[in-house]
Number of protein chains: 4
Amino acid sequence: MTAFPGAGAPLGQALEEIRAAAMLRPDEGRVADYIPALASVEASRCGIAFATIDGEVHAAGDAGLPFSIQSISKVFGLVLAMQRMGDDLWQRVGMEPSGQPFNSIVQLEWEHGIPRNPFINAGAILVADTLVSHFSSSRQAFLSFVRRLSASERCDVNEAVLASEARHGSRNAALAYLMKSFGNLEADVEDVLAHYFFQCSLEMSCEELARSLLFLANRGLHPLSGEQVTTPRDAHRVNAILSTSGMYDQSGQFAFSVGLPAKSGVGGGIIAIVPGQGVITAWSPPLNRHGNSTRGLAMITELAGRLGLSIY
Amino acid sequence: MTAFPGAGAPLGQALEEIRAAAMLRPDEGRVADYIPALASVEASRCGIAFATIDGEVHAAGDAGLPFSIQSISKVFGLVLAMQRMGDDLWQRVGMEPSGQPFNSIVQLEWEHGIPRNPFINAGAILVADTLVSHFSSSRQAFLSFVRRLSASERCDVNEAVLASEARHGSRNAALAYLMKSFGNLEADVEDVLAHYFFQCSLEMSCEELARSLLFLANRGLHPLSGEQVTTPRDAHRVNAILSTSGMYDQSGQFAFSVGLPAKSGVGGGIIAIVPGQGVITAWSPPLNRHGNSTRGLAMITELAGRLGLSIY
Amino acid sequence: MTAFPGAGAPLGQALEEIRAAAMLRPDEGRVADYIPALASVEASRCGIAFATIDGEVHAAGDAGLPFSIQSISKVFGLVLAMQRMGDDLWQRVGMEPSGQPFNSIVQLEWEHGIPRNPFINAGAILVADTLVSHFSSSRQAFLSFVRRLSASERCDVNEAVLASEARHGSRNAALAYLMKSFGNLEADVEDVLAHYFFQCSLEMSCEELARSLLFLANRGLHPLSGEQVTTPRDAHRVNAILSTSGMYDQSGQFAFSVGLPAKSGVGGGIIAIVPGQGVITAWSPPLNRHGNSTRGLAMITELAGRLGLSIY
Amino acid sequence: MTAFPGAGAPLGQALEEIRAAAMLRPDEGRVADYIPALASVEASRCGIAFATIDGEVHAAGDAGLPFSIQSISKVFGLVLAMQRMGDDLWQRVGMEPSGQPFNSIVQLEWEHGIPRNPFINAGAILVADTLVSHFSSSRQAFLSFVRRLSASERCDVNEAVLASEARHGSRNAALAYLMKSFGNLEADVEDVLAHYFFQCSLEMSCEELARSLLFLANRGLHPLSGEQVTTPRDAHRVNAILSTSGMYDQSGQFAFSVGLPAKSGVGGGIIAIVPGQGVITAWSPPLNRHGNSTRGLAMITELAGRLGLSIY
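Residues numbered from 1 in each chain as written. Chains lettered and ligands numbered in written order. Predicted model: local features only at pLDDT ≥ 70, side-chain atom pairs only at ≥ 80, totals over all residues. Heavy atoms only, no water.

What is the right way to read the relation of the copies chain B and chain D from this model?
Superposition of the two copies of the chain requires a rotation about an axis and a shift along the axis. Rotating chain B by 180 degrees and translating it 0.0 Å along the rotation axis places it on chain D, where the RMSD comes to 0.0 Å. What the rotation and shift describe, once combined, is the action of a two-fold rotation axis. No C-alpha of chain B approaches the rotation axis more nearly than that of A174 of chain B, which lies at 2.0 Å. An overlap of 100% is found between the interface residues of chain B and their copies at the interface of chain D, pointing to a shared contact surface. (Least-squares fit on C-alpha atoms with pLDDT ≥ 70 in both. Contact = heavy atoms within 4.5 Å.)

Quick look at the structure:
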């Protein structure tokens, strides 16, 4: 890994430095508090991991602690749905950046119930609908998929988060019913939301997340398990959508300043794909106003700058 | 250039094949007709060029004929403004994909006169405002810049197109006055629009365009002239915005299916940057409903697929 | 009643003429077909009634046949909620015309879950929430209220319509959940929607409807029962909202061409209040693109013109 | 005039009382300051006038002082255009309430350049376009019209206000150019705006305004001059649009709490039509957040309540 031009130090040491610098930043951002189970996470948690396609995992800080992956689960859901549905999926969800908040109902109305992309809430609920319709138990299938990718049987749902999500899920219910009213939801709304809240409530560590997504950096082939998770073409495609739409309404700025396909979640996690090299995961709970982890952004920006990782 | 993996033939021959295949497609799309000077261009024109950073230019079909570059001029305008203004520019224009039509006035209203990015019309008009304010003659400065980059003194404005643009420019005037009402336009609206219509009316050939933009594929350094046009960082940034916002409301789909930073114009031109390798330009007048050249899209998609050019 | 200036004939005869003229109009409009139970109503049905505050009811055609009152029920719901909640109601629902389709979710989002007025769907669902919260059985209370006003125990819900509404109610569910997400819905969404669909499914005849609403033409005092249903001030207020917002996105045009407070429903009914004189009800199923009965509009326009009823 | 039921005192005395009460209200609202010429008006100015169709004018306070009528001029413009164009006018401007701010450009875009009604800015600019197109000198024609109606040669434009309006008119220019881009503006944008700013800059007193609009309370016949200014039908129509759309985004609330056709301007004036009786004008510069005079609203609400003037 010292082969990274500009790393100037073993990668593990670089991660430690970058994490330490992030901890020195003035206290910025707010831990998500729309549900109590998230609000109680310690704001000072901070970890970073870089899994490379040759099998190494470098890490610093709290990279081994499980956290609520929240919207990062949309990546797993999308890949699983692409495996199952093939190109039919793209009749029901778009691939364009939204230019709107992640939970906008306005745009869904304009576009007649077709979500702009699979990484806004409406899009992920649509993807959940396809999973519910294709699997006898979509939740079990989802969990098995994530465990297989991460090679970790420990990955599981946090029941307190799950219960909270369901209790505070009125806006997601509104999105789902609006899609139903346009005829773009097949399963029962209740079942679809149950799946959606389930996958949002999954907990994983930085290390597990980074390992599990290596196939996206490796043309669809998981380097650890040897499983061809997607075609090379579909791996490019997922990375393309991550690049234009993965970081909420800060996706353009992330492309501009970092230049990697990435996805964030309100639990404070961010995953970034480095095509041909590996996957970075950062985690720290305080969020900026766009819903992205402030320390997570700082760490990934610094690391990508040092190593010259921008794909552009 | 035969080094391209998968090219399977000298690049020039591949371009000929790809162009021939595009010509066999059923007649799709409509030549832009909002101004007479564009409507009169022959729909059967079709050219493609691939300039590489080692100085070669491969071409097929009408790649040497000048055409109206229209919105592709926004790339030159942005680069020139970045040279002059540095990071201050990004106080006045955003870098997020818009999720709206290129000439949307709705979004500009919501966002209080700050255009979402420099490649929608409002954004390019904002960029024009900075050029008008920074140069004694912004039009002359713009023309000199493009001629230097393309190493072609022939590049010039089509006066008939220019006159037409001004006569049919009411929507752009509305965008400009709306920005003015929000205090985000410094110069006189008339002067700003005059510059904007001027740059839109420029004519260049595929070969000239491809050559002129090589610096974006080469970390800001123009390989032919040796001029450092932008910093490496700014070259990444321009490519990032091109990737998320360059192809109108088809930017996400282009990233998904091609995977290159690109910009199109309603004259039927498309430029695509291949970082580290070169620049592709395609031209054919008939447009799809998004305003992108149908044959141009087909040719670039095929070429990028054959050569495995996706950056994702 | 021959005292109406310009009537030129006994009122009953005028109604017959007007109805006959309406039946000769070329077949315009479409019977509502979003639920089967409405689609099966005969398109040729056509009735009109004029109840005056001195107790007479003049009628022509199918004025004695019950039909699905649909959104006209929003008037009863509003009056019942005003009785119960007083001015507190107006903290939770506005009184401004919407300028948007009756079932717009966009506006509800912009206005943070506060419906613009009680006659768009979101507003009526909000009103239903207050009824569900204030009555042990809001549906029974609603039915009793309507039966008392119309002095007809026959008024009842059509069970087939009710079942259909619930099955096709996804958009209304989306509106309700969106209000819930903004904290502007107190009761369970399911209960609120059950009440809302119940009241929409009520069937009444033109004669019953006209009689039941006489209090709005008589400063709140029901001339037949002697019940002071609302204060004079609240009767003015209901008529004011009917005038600005009662006819969907044709309210302005109805004020312009007729000039009476009115409310329509997709069952083909229209009620119009003539302050100081009485209530007109027209019914005929085919609707124009705004959701208003084409023959109903024609009949009321003609009658108001003949009798000079405009309040403006 | 003592015949008003409930006046309980000669009308002149009632107006004095009402004005005095309004002056005691805590200082609410802000004088319009978007142009200096308006910002310099004394906030303590306060007048009210009631002209009756039998020729009397009752007044209190500053009812004889000229003030900037601003958007009240839209009523004169509309009536003049209706005289000239007849029903053709309604092909180019709607009659529906807008549910949006008076200067919204969003709605104009959605509705393809057809303004929702003649009392929002876009609608009044459209009306100005028809006047510019129909008169050799629309400004002179407009001024003559207002002077004739008010029987006051003194009515004139304030040149300082006019110059200010033009300098701060970018948003109105944006509206005009957007309509032009949709093909819904015939004359030159510059000429149309010049007319529009001219009519906005007119100064009249409460007494002059009340007298000039008496024809709207009298079925189109001006009781002082004997001129049939509009047909009875068109007088109803103007009052109908005033009722649904005259008080900016507070039109519904004004109908609800006052119940009279009315129009306000950011100069602090409000006119209210009392059909069959007369015209009330109130003036006091401080505005609420909707752009309506706070004292003006208070005075008209009180007067209408005392005299039972609601039309509903």
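Where do I start with the interface of chain B and chain D in this structure?
You'll often see interface size given as the accessible area lost when the parts meet. Opposite the 15 residues of chain B that make contact, chain D presents 15 residues. The largest share of the area that chain B buries against chain D comes from S170, R171 and Y177 of chain B, three residues that together contribute 38% of it. Our count for the contact surface shared by chain B and chain D stands at two salt bridges. Summed over the shared surface of chain B and chain D, the number is two residue pairs in polar contact (both at pLDDT 80 or more). Of all elements in the fold, only α4 (106-110) and α8 (170-181) of chain B reach the threshold of two or more residues within the side of chain B that touches chain D. Class assignment of the residues belonging to the side of chain B that touches chain D gives a composition of eight nonpolar, three polar and four charged. (Buried area = accessible area lost by both parts, 1.4 Å probe. Salt bridge = Lys/Arg side-chain N within 4 Å of Asp/Glu carboxyl O. Polar contact = N/O pair within 3.5 Å; in protein donor to acceptor, adjacent residues only side chain to side chain. Helix = DSSP H or I, 4+ residues; strand = E, 2+ residues; numbered from the N terminus. Nonpolar A, V, L, I, M, F, W, Y, C, P; charged D, E, K, R; others polar.)

Looking at this structure, how should I read the pattern of salt bridges?
Pairs may arise between side chains of opposite charge once their charged atoms sit close together. Scanning the entire structure with this criterion turns up 68 salt bridges over all chains. For R306 of chain A, the salt bridge is made with E302 of chain A, and the minimal N-O distance between the two is 3.0 Å. Of the two residues, R306 of chain A and E302 of chain A both sit in helix α13 (residues 294-307), four residues apart, roughly one turn of that helix. With a shortest N-O distance of 3.5 Å, D62 of chain C and R45 of chain C are connected by a salt bridge. With a gap of 17 residues between them, D62 of chain C in the loop between β2 (57-61) and β3 (67-68) and R45 of chain C in the loop between α2 (36-39) and β1 (47-52) connect regions that are remote in the sequence. Here D62 of chain C falls in the buried class, since its relative accessible area comes to 16%. (Buried < 20%, exposed > 50% of the residue type's maximum accessible area, 1.4 Å probe, protein only.)

Which parts of the structure should I look at to understand α8 of chain B?
Across its twelve residues, α8 of chain B extends 16 Å between first and last C-alpha, which sits within 8% of the 16 Å expected from 1.5 Å per residue. Burial within α8 of chain B is extensive, with ten of its twelve residues counted as buried. Of all the positions in α8 of chain B, only S170, R171, N172, A173, A174, L175, A176, Y177, L178 and M179 of chain B are classed as buried. For α8 of chain B, the elements touching its buried residues are α4, α5 (121-134) and α9 (189-200) of chain B together with α4 (106-110), α8 (170-181) and α9 (189-200) of chain D. (Expected span 1.5 Å × (residues − 1).)

Would you explain the environment of L24 of chain B in this entry?
Residues and elements named next belong to chain B. Relative to the elements of secondary structure, L24 occurs in helix α1 (residues 11-24). The class of L24 is exposed, set by a relative accessible area of 73%. Separated by 38 residues in sequence, L24 and D62 have C-alpha atoms that sit 16 Å apart.

Please clarify how the packing of helix α3 (residues 73-85) of chain D against α9 of chain D should be interpreted in this entry.
In a packed pair of helices, the relevant descriptors are the angle between the two axes and the axis-to-axis distance. Residue and element names in this part refer to chain D. Contact geometry for α3 and α9: axes closest at 9 Å, N-to-C directions at 125 degrees. Considering their axes alone, α3 and α9 lie oblique with respect to each other. For the pair α3 and α9, the crossing hand works out as right-handed. Along the contact surface, α3 presents S73, K74 and G77, while α9 presents Y196, Q199 and C200. Per-class residue counts for the contact of α3 with α9 are two nonpolar, three polar and one charged. (Axes fitted to C-alpha atoms, helices over the stretch in contact; angles between N-to-C directions. Parallel < 35°, antiparallel > 145°, perpendicular 65-115°, else oblique. Left-handed = near helix turned anticlockwise from the far one by under 90°.)

How should I be thinking about the packing of aromatic side chains in this particular structure?
Any pair of aromatic rings gets described here by the distance separating the centres and the angle formed by the planes. Per the stated rule, a full pass over the model turns up 16 aromatic pairs over all chains. Ring centres of W90 of chain A and F256 of chain B lie 4.9 Å apart, and the angle between their planes is 70 degrees; on these two criteria the pair is classed as edge-to-face. Remark: F256 of chain B occurs in helix α13 (residues 251-257) and W90 of chain A occurs in the loop between α3 (73-85) and α4 (106-110); the pair is interchain, linking two chains. Accessibility classification places W90 of chain A together with F256 of chain B in one group, the buried group. The side chain of K263 of chain B reaches across the aromatic face of Y248 of chain B, ending 4.4 Å from its centre. (Phe/Tyr/Trp six-rings, centres within 6.5 Å; stacked < 30°, edge-to-face > 60°. Lys NZ or Arg CZ within 6 Å of the ring centre and 35° of its normal.)

I'm lost on the side chain of N239 of chain C in this one. Help?
Position of N239 of chain C among the secondary structure elements: in helix α11 (residues 232-245). Every residue in contact with N239 of chain C, bar those within four places of it in the chain, is listed here: L216, P261 and I273 of chain C together with Y312 of chain D.

Which parts of the structure should I look at to understand the sheet that holds strand β4 (residues 156-157) of chain C?
Paired through backbone hydrogen bonds, the strands of a sheet run either parallel or antiparallel to each other. With antiparallel pairing, three strands are arranged side by side in an open sheet as β3-β5-β4 (chain C). Bordering the open sheet on either side are β3 and β4 of chain C, each of which pairs with just one other strand. (Pairing = 2+ DSSP bridges.)

When you look at the interface of chain A and chain B in this model, what are you seeing that I'm missing?
Counting residues at the interface gives 29 residues for chain A, matched by 29 residues for chain B. Considering only the side of chain A, the residues that lose the most area to chain B are E96, F256 and Y312 of chain A, jointly responsible for 31% of the buried surface there. Here chain A is connected to chain B by two salt bridges. When the shortest N-O distance is used, the salt bridge between D249 of chain B and R116 of chain A registers 2.8 Å. Counting the contacts that link chain A with chain B gives ten residue pairs in polar contact (both at pLDDT 80 or more). Every element with two or more residues in the side of chain A that touches chain B is listed here: α4, α11 (232-245) and α12 (251-257) of chain A. Broken down by element, the residue count for the side of chain A that touches chain B peaks at seven residues, all from α11 of chain A. In the side of chain A that touches chain B, the residues fall into twelve nonpolar, 13 polar and four charged.

Explain the sheet that holds strand β6 (residues 262-264) of chain C here, please?
Residue and element names in this part refer to chain C. Spatial ordering of the open sheet is given by β2-β1-β8-β7-β6, a layout of five strands whose pairing is antiparallel. The sheet is open, and its two edges are formed by β2 and β6, each paired on a single side. Taking the axes of each pair of neighbouring strands and ignoring which way they run, one obtains an average angle of 10 degrees across the sheet. Across five bridges, β1 lies against β2 in antiparallel orientation. Among the inter-strand pairings, A49 is bridged to a residue of β2, identified as A59. Of the strands in this sheet, β1 and β2 touch helix α1 (residues 11-24), which is tilted by about 25 degrees from β2.

What is the right way to look at a negative patch on the surface in this model?
There is a patch of like negative charges on the surface, built from D188, E190 and D191 of chain A together with D188, E190 and D191 of chain C. Of all the secondary-structure elements, those providing two or more residues to the negative patch are α9 (189-200) of chain A together with α9 (189-200) of chain C. With respect to the helices, strands and loops of the structure, E190 of chain C is situated in helix α9. (Patch = residues over 30% accessible without salt bridge, like charges linked within 9 Å, V, L, I, M, F, W, Y side chains within 5 Å. Areas by Shrake-Rupley, 256 points an atom, 1.4 Å probe, with all protein chains shown as cover. Lys, Arg positive; Asp, Glu negative; His and termini not counted. Charge placed at Lys NZ, Arg CZ, Asp CG, Glu CD.)

Even after reading the chapter, I still don't get the relation of the copies chain A and chain B, so can you show me in this structure?
Superposition record for chain A on chain B: RMSD 0.0 Å, screw rotation 180 degrees, translation along axis 0.0 Å. Looking at the interface residues of chain A, 100% of them are also at the interface in chain B, so both copies use one shared face.

What am I meant to see in the environment of A272 of chain D here?
All names here are of chain D. Tracing the backbone shows A272 in strand β7 (residues 269-274). Considered as a pair, A272 and H236 are 36 residues apart in the sequence and their alpha carbons are 14 Å apart. Ignoring any residue separated from it by four or fewer positions in sequence, one finds A272 in contact with L260, P261, A262, G278, V279, I280 and I300.

How should I be thinking about the environment of D249 of chain D in this particular structure?
Inspection of the secondary structure assignment puts D249 of chain D in the loop between α11 (232-245) and α12 (251-257). Taking the C-alpha atoms as reference, D249 of chain D lies 28 Å from G86 of chain D; in sequence the two are 163 residues apart. Sequence-distant contacts of D249 of chain D, defined by excluding residues within four places in its chain, comprise E96 and R116 of chain C together with G99, Q100 and H290 of chain D. Among the polar contacts listed, one links the side chain of D249 of chain D to the side chain of R116 of chain C, at a separation of 2.8 Å.

Explanation requested: the confidence of the model for chain A in the structure shown.
It should be kept in mind that the predicted coordinates are not to be read in detail where pLDDT is low. In the predicted model, chain A carries a mean pLDDT of 94, and 97% of its residues have values of at least 70. The ipTM value of the predicted complex is 0.94, and its pTM value is 0.93. (pLDDT = per-residue confidence, 0-100.)

Looking at this model, I keep getting lost on the state of the cysteines. Mind explaining?
Covalent bonding between the sulfur atoms of two cysteines is what defines a disulfide. As enumerated under the stated definition, the model contains zero disulfides over all chains in all. There is no disulfide at C155 of chain A, and the cysteine sulfur nearest it, in C206 of chain A, is 12 Å away. Considering cysteine sulfurs only, C155 of chain C is the nearest to C200 of chain C, which forms no disulfide, with 15 Å between them. (Disulfide = S-S within 2.5 Å.)

Sorry if this is basic, but what is going on with the packing of α8 of chain D against α9 of chain D here?
Residue and element names in this part refer to chain D. α9 packs onto α8 with a crossing angle of 135 degrees between their chain directions and a minimal axis gap of 10 Å. Looking at the two axes, α8 sits oblique to α9. Helix-helix and strand crossings are classified by hand; for α8 and α9 the assignment is right-handed. Every residue of α9 that contacts α8 at N172, A173, A176, Y177 and K180 is listed here: V189, E190, L193, Y196 and F197. Residue composition of the contact of α8 with α9, grouped by class: seven nonpolar, one polar and two charged.

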